[in-house]
Amino acid sequence: MSALILEYALTYAQIAMVLALGLACWRMLRGPRAQDRVLGLDTMYFDAMLLFLLIGMGNGNVFFFEGALVIAVLGFVTTVCAAKFLMRGEVIE
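Predicted model, so just to flag it, every value in this text is computed and none were measured.

Analysis parameters
Residues numbered from 1 in each chain as written. Predicted model: local features only at pLDDT ≥ 70, side-chain atom pairs only at ≥ 80, totals over all residues. Heavy atoms only, no water. UniProt positions renumbered as here; feature names shortened; annotations may be inferred. Helix = DSSP H or I, 4+ residues; strand = E, 2+ residues; numbered from the N terminus. Phe/Tyr/Trp six-rings, centres within 6.5 Å; stacked < 30°, edge-to-face > 60°. Buried < 20%, exposed > 50% of the residue type's maximum accessible area, 1.4 Å probe, protein only. Axes fitted to C-alpha atoms, helices over the stretch in contact; angles between N-to-C directions. Parallel < 35°, antiparallel > 145°, perpendicular 65-115°, else oblique. Left-handed = near helix turned anticlockwise from the far one by under 90°. Nonpolar A, V, L, I, M, F, W, Y, C, P; charged D, E, K, R; others polar. Expected span 1.5 Å × (residues − 1). Contact = heavy atoms within 4.5 Å. Lys, Arg positive; Asp, Glu negative; His and termini not counted. Salt bridge = Lys/Arg side-chain N within 4 Å of Asp/Glu carboxyl O.

Caption draft 1: The UniProt feature "transmembrane region" (unreviewed entry) in the protein chain, seen in detail. With numbering aligned to this structure, UniProt lists the feature "transmembrane region" (unreviewed entry) at residues 6–26, 38–57 and 63–87. End C-alpha atoms of residues 38–57 are separated by 29 Å, and the span's content is 100% helix alongside 0% strand. As annotated, residues 63–87 comprises 100% helix and 0% strand, and the C-alpha atoms at either end are separated by 36 Å.

Here is the structure:
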């Protein structure tokens, strides 16, 4: 019974993450300002990372956890570069 509940919970969480990923993509494409687009991109990488973790938990495969770690690191670097570009107009000084 508990395995069935876990399976339903993981399925529901994956559907919610896909919906959140779609809404963040909509904000990134449709945002009126550049700050909205950066926020949408930041939310997209965070949702993708969580989706990878949920898929890894459902499959029991450790490679999804490593992929989530790579997404987290690259997303952080991307957000820092985009914020620096918006503040100063250049990334590399």
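Caption draft 2: Seen up close, the packing of aromatic side chains. Applying the stated criterion across every chain, the model contains one aromatic pair. Considering the side-chain rings of Phe 52 and Phe 64, the 5.9 Å spacing of their centres and the 80° angle between planes classify their relative orientation as edge-to-face. Separated by twelve residues along the polypeptide, Phe 52 in helix α2 (residues 34–59) and Phe 64 in helix α3 (residues 63–88) bring together distant segments of the chain. Judged by relative accessible area, which is 24%, Phe 64 ranks as partly exposed.

Caption draft 3: Structural detail: the packing of helix α1 (residues 2–30) against α2. Orientation of α1 relative to α2, taken along the N-to-C sense of each, is 160°, at an axis distance of 8 Å. By the angle class used here, α1 and α2 are roughly antiparallel. Crossing of α1 against α2: the hand is left-handed. Its residues placed into classes, the contact of α1 with α2 shows 18 nonpolar, four polar and four charged.

Caption draft 4: Here's a closer look at the environment of Trp 26. Its location among the elements puts Trp 26 in helix α1. By relative accessible area, which is 49% here, Trp 26 ends up partly exposed. Sequence separation of Trp 26 and Arg 37 is eleven residues, and the distance between their C-alpha atoms is 9.4 Å.

Caption draft 5: Examining α2 more closely. Along its 26 residues, α2 runs 37 Å from first to last C-alpha, staying within 8% of the 38 Å computed at 1.5 Å per residue. Buried within α2 we find Asp 36, Gly 40, Asp 47, Met 49, Leu 51, Leu 54 and Gly 56. Packed against the buried residues of α2 are α1 and α3. Remark: Gly 60 follows α2 within two positions and exhibits a positive phi of approximately 75°.

Caption draft 6: Spatial organisation of the side chain of Asp 47. Of note, Asp 47 is situated in helix α2. For the buried residue Asp 47, which engages in no salt bridge, the nearest side chain bearing the opposite charge is Arg 27, 12 Å off. Beyond its immediate chain neighbours, meaning those up to four positions away, Asp 47 contacts Met 17, Ala 20, Leu 21 and Ala 24.

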